[in-house]
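# A look at the structure
The chain contents come next:
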Amino acid sequence: MRAFPPAPQRTEREALPPTPVADVSPAAPILPATKAAKKHPQRGIARSTGARAFPPAPQGSRPTPPAEAPAAAASSQRGLAKESPRLSKLVSAQAQCSRREADEWIENGWVTVDGVVITTLGARVNPKARIQVKEAASKHQTESVTILFNKIPCGDLDAPAGNGRENPVESIRAENRWPEDGCPLRFKVGHLRGLALAGRLEPEEGGMLVFTQEGSVARRLTGGDSRLEKEYHVRVEGELLPGGLELLRYGLSLDKVKLLRAEVSWLSEQQLRLVLHENRKRQIQGMCEQVGLRATDIKRVRIGSVSLGKLAPGQWRYLRTGERF
């Protein structure tokens, strides 16, 4: 193998060529010799795409950057006035009464705003307005009413069952109040406020529905431990199985749940009387099917000690003073 002679050693002075010395006089600043000046795109041209972001501004004027627009909009929104409060809220706070009572006072014309009587529910007023409540309002006792309504069956028993809930505003009107209602109460729109249905019926079932503003009544009728008697008159078709009447009284299950004991008897050849202590969905229809019968008409005529009586279908009456559920 041929060997090469070692490279001659250079001294430190000979290793690099001499670097020219730049002029460092105060008049000329020191700049890197190899670094080029940074070039920027023309104003209004996007750096990434090269597209023009907005048209160039005319000479002598300065364009408004788009980023300033949201800030301007936000500042204008912050300057908007807040919505005025409802009159009923102010009356409730001033008179230490419930909103419902305040609404009744407004409807009755007992509230003035800056000397003007306001009877419109939901009206909004200036919070600094002068609100006065007439003395008659303090003597007025808010009425909590309970209403009995005789529901008309709708649809066919073979039709799919719905939720069966009634709208009080549609069901209870001044014109369909029972003419023989002996209750001295005068019907008012305030009686519909907060009126809740207590105790449902399927759409194809008829009879007594209870609407109430009293929470205690609603709890007694719909509470999980409610055992109030509910009496039904049921028209049936078909042939009753042997021992079917005893099975209807006790021994049937619905959705794998044992039903409570019931009172069952014949009113006529085609009509049964059932007294139940529970109210499961389509319970009567299911009970009848298990003993060979088909329910063609179901009417609830009593809940607890309150009966439907002579109340005509499609009409309503107030719960009387002596009646209690």
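### As for the environment of D114
One can find D114 in the loop between β1 (111–113) and β2 (116–117). For the pair formed by D114 and R130, sequence separation is 16 residues and the distance between their alpha carbons is 4.9 Å.

### Some details on the sheet that holds β1
The sheet built from three strands is open, its strands ordered β2-β1-β3 with antiparallel pairing. The sheet is open, and its two borders are formed by β2 and β3 (131–133), each paired with just one other strand. As paired elements, β1 and β2 share two bridges and run antiparallel to each other. From the neighbouring strand, V113 faces β2, where its bridge partner is V116. Across the sheet, helix α3 (residues 87–95) is in contact with β1 and β3; its angle to β3 comes to roughly 65 degrees.

### Some remarks on the pattern of salt bridges
Per the counting criterion, the structure on display carries 15 salt bridges. Residue E175 is joined to R173 by a salt bridge in which the shortest nitrogen-to-oxygen separation is 3.2 Å. The exposure class of E175 is exposed, given its relative accessible area of 62%. Taking the shortest distance from any N to any O, the salt bridge between E202 and R200 comes out at 2.8 Å. Assessed through its relative accessible area of 1%, E202 is described here as buried. Given the relative accessible area of 24%, R200 is considered partly exposed. Linked by salt bridges that have partners in common, E229, E231, R273 and R302 make up one network.

### Observations concerning the confidence of the model for the protein chain
Detailed reading of the predicted coordinates is not advisable wherever pLDDT is low. When pLDDT is averaged along the protein chain, the result is 79; 68% of the residues meet or exceed 70. Low pLDDT (under 50) marks residues 21–28, which in the prediction has two contacts with non-local residues, meaning those over four places away or in another chain. Note on residues 71–76: pLDDT is under 50 here. Beyond four places in sequence and across chains, it has zero contacts.

### Digging into the environment of R324
As for its position among the elements, R324 is in the segment after β14 (316–318). As a C-alpha pair, R324 and S305 span 19 residues in sequence and 7.0 Å in three-dimensional space. Every residue in contact with R324, bar those within four places of it in the chain, is listed here: S305 and V306. Within the local environment of R324, its side chain forms a polar contact with the backbone oxygen of T321, the two atoms lying 2.9 Å apart.

### Details of the packing of α3 against helix α4 (residues 99–107)
Look at α3 against α4: their axes get within 8 Å of each other, and the N-to-C directions meet at 110 degrees. One way to sum up the angle between α3 and α4 is to call them roughly perpendicular. For the pair α3 and α4, the sense of crossing is right-handed. Residue-level contacts link L87, S88, K89, V91, S92 and A95 of α3 to R99, A102, D103, W105 and I106 of α4. Looking at the contact of α3 with α4 residue by residue, the classes come out as six nonpolar, two polar and three charged.

### Structural notes on the packing of aromatic side chains
Counting across every chain of the model gives three aromatic pairs. Centroid distance F149 to F211: 6.4 Å. Interplanar angle 55 degrees. Geometry classified as tilted. One end of the pair, F149, is in strand β4 (residues 146–151); the other, F211, is in strand β6 (residues 206–212), with 62 residues separating them in the sequence. Take F211: its relative accessible area is 0%, and that puts it in the buried class. Ring geometry for W316 against Y318: centres 5.0 Å apart, planes inclined by 90 degrees, an arrangement best described as edge-to-face. A relative accessible area of 0% places W316 in the buried class. Three or more aromatic residues joined by ring pairs make a cluster, and in this case those are F187, W316 and Y318. Here K258 stacks its cationic end above the ring of Y250, 5.3 Å away from the centre of that ring. The aromatic ring of Y250 is capped on one face by R261, whose charged end is 4.3 Å from the ring centroid.

Procedures and definitions
- Residues numbered from 1 in each chain as written.
- Predicted model: local features only at pLDDT ≥ 70, side-chain atom pairs only at ≥ 80, totals over all residues.
- Heavy atoms only, no water.
- Helix = DSSP H or I, 4+ residues; strand = E, 2+ residues; numbered from the N terminus.
- Pairing = 2+ DSSP bridges.
- Contact = heavy atoms within 4.5 Å.
- Axes fitted to C-alpha atoms, helices over the stretch in contact; angles between N-to-C directions.
- Salt bridge = Lys/Arg side-chain N within 4 Å of Asp/Glu carboxyl O.
- Buried < 20%, exposed > 50% of the residue type's maximum accessible area, 1.4 Å probe, protein only.
- pLDDT = per-residue confidence, 0-100.
- Polar contact = N/O pair within 3.5 Å; in protein donor to acceptor, adjacent residues only side chain to side chain.
- Parallel < 35°, antiparallel > 145°, perpendicular 65-115°, else oblique.
- Left-handed = near helix turned anticlockwise from the far one by under 90°.
- Nonpolar A, V, L, I, M, F, W, Y, C, P; charged D, E, K, R; others polar.
- Phe/Tyr/Trp six-rings, centres within 6.5 Å; stacked < 30°, edge-to-face > 60°.
- Lys NZ or Arg CZ within 6 Å of the ring centre and 35° of its normal.

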